[in-house]
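An overview of the molecular structure
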Amino acid sequence: MHQDVESIMFTKEQIAARIGELAAQLDKEYAGKTPLMVGILKGSVMFYADLLRAMTIPVEMDFIAISSYGSGAKSSGEVKLIKDLDRKIEGKDVIIVEDIIDSGYTLSYLKRNLYARKPESVKICALLDKYSRRVVPIEADYKGFDCEDEFVVGFGLDYAERYRNLPYIGVLKRSVYEK
């Protein structure tokens, strides 16, 4: 897999350090509360697990699967809910944990969907923000890194279900996805 990566954008050390900072920020802002951390499958799993392990306040966990990509490399703009939450969120502080904000379609849809369920609050914590690709106006409340407009893989991010287990975030060689 490493041979398919053109360059490393964020090392595993940079990612770990930033996750520690985000966890400390969330611990402080949600002190005395028990937020429901909602991981978006599958991409956020690595980030989600490391973030929750780094937090010191009590949290509840749940997952949702949603997609606007299909099998392509660019968002289709059509959002599909593949797996819903297992619990009710009314009155809860919800933190959506996402790997990357790109077009904004997925998170915009999800935030509207969750607010319809009457939570106390809904915030977004994203590892990467690829703002240059934004089509729908949406912002992360907590952000790991700004991301250049490159095709990135690793640390949960994939191309055709591959590369998720790379310990860093790297730029995929064009020759891999422009076949």
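Residues numbered from 1 in each chain as written. Predicted model: local features only at pLDDT ≥ 70, side-chain atom pairs only at ≥ 80, totals over all residues. Heavy atoms only, no water.

**So, the overall build of the protein chain**
Along the backbone of the protein chain there are 4 helices and 9 strands. Each helix (α) and strand (β) of the protein chain, taken in turn from the N terminus, gives the series β-α-β-α-β-β-β-α-β-β-β-β-α. At 16 Å, the protein chain has a C-alpha radius of gyration in line with the 16 Å of a compact globule built from 179 residues. The principal-axis extent of the C-alpha atoms belonging to the protein chain is close to 50 × 35 × 25 Å. By element, 50% of the accessible surface of the protein chain is carried by carbon and sulfur atoms, the whole surface being about 9,000 Å². (Helix = DSSP H or I, 4+ residues; strand = E, 2+ residues; numbered from the N terminus. Rg over C-alpha atoms; globule rule 2.2 N^0.38 Å. Areas by Shrake-Rupley, 256 points an atom, 1.4 Å probe, with all protein chains shown as cover.)

**Some remarks on the packing of helix 1 (residues 12-29) against helix 2 (residues 45-54)**
In contact at an axis separation of 8 Å, helix 1 and helix 2 are set at 55 degrees when each is read in the N-to-C sense. Between helix 1 and helix 2, the angle is such that the two are oblique. Here helix 1 runs over helix 2; the crossing is right-handed. Each of I19, L22, A23, L26 and D27 in helix 1 lies in contact with helix 2, whose residues at this interface are F47, D50, L51 and A54. Here the contact of helix 1 with helix 2 is composed, by residue class, of 7 nonpolar, no polar and 2 charged. (Axes fitted to C-alpha atoms, helices over the stretch in contact; angles between N-to-C directions. Parallel < 35°, antiparallel > 145°, perpendicular 65-115°, else oblique. Left-handed = near helix turned anticlockwise from the far one by under 90°. Contact = heavy atoms within 4.5 Å. Nonpolar A, V, L, I, M, F, W, Y, C, P; charged D, E, K, R; others polar.)

**Focus on unusual backbone geometry**
With an omega dihedral of 0 degrees, the bond running from L41 to K42 counts as a cis peptide bond. By secondary structure assignment, the location of K42 is in the loop between strand 2 (36-41) and helix 2. Phi angles above zero are rare outside glycine, and K118 is one such case at about 65 degrees. Here K118 shows up in the loop between helix 3 (105-115) and strand 6 (121-129).

**Re the packing of aromatic side chains**
Counted according to the given criterion, the structure contains 5 aromatic pairs. With 5.5 Å between their ring centres and 85 degrees between their planes, F151 and Y159 make a pair best called edge-to-face. A relative accessible area of 22% means that Y159 is categorised as partly exposed. Connected via pairs of aromatic rings, a cluster forms that spans F151, Y159 and Y177. (Phe/Tyr/Trp six-rings, centres within 6.5 Å; stacked < 30°, edge-to-face > 60°. Buried < 20%, exposed > 50% of the residue type's maximum accessible area, 1.4 Å probe, protein only.)

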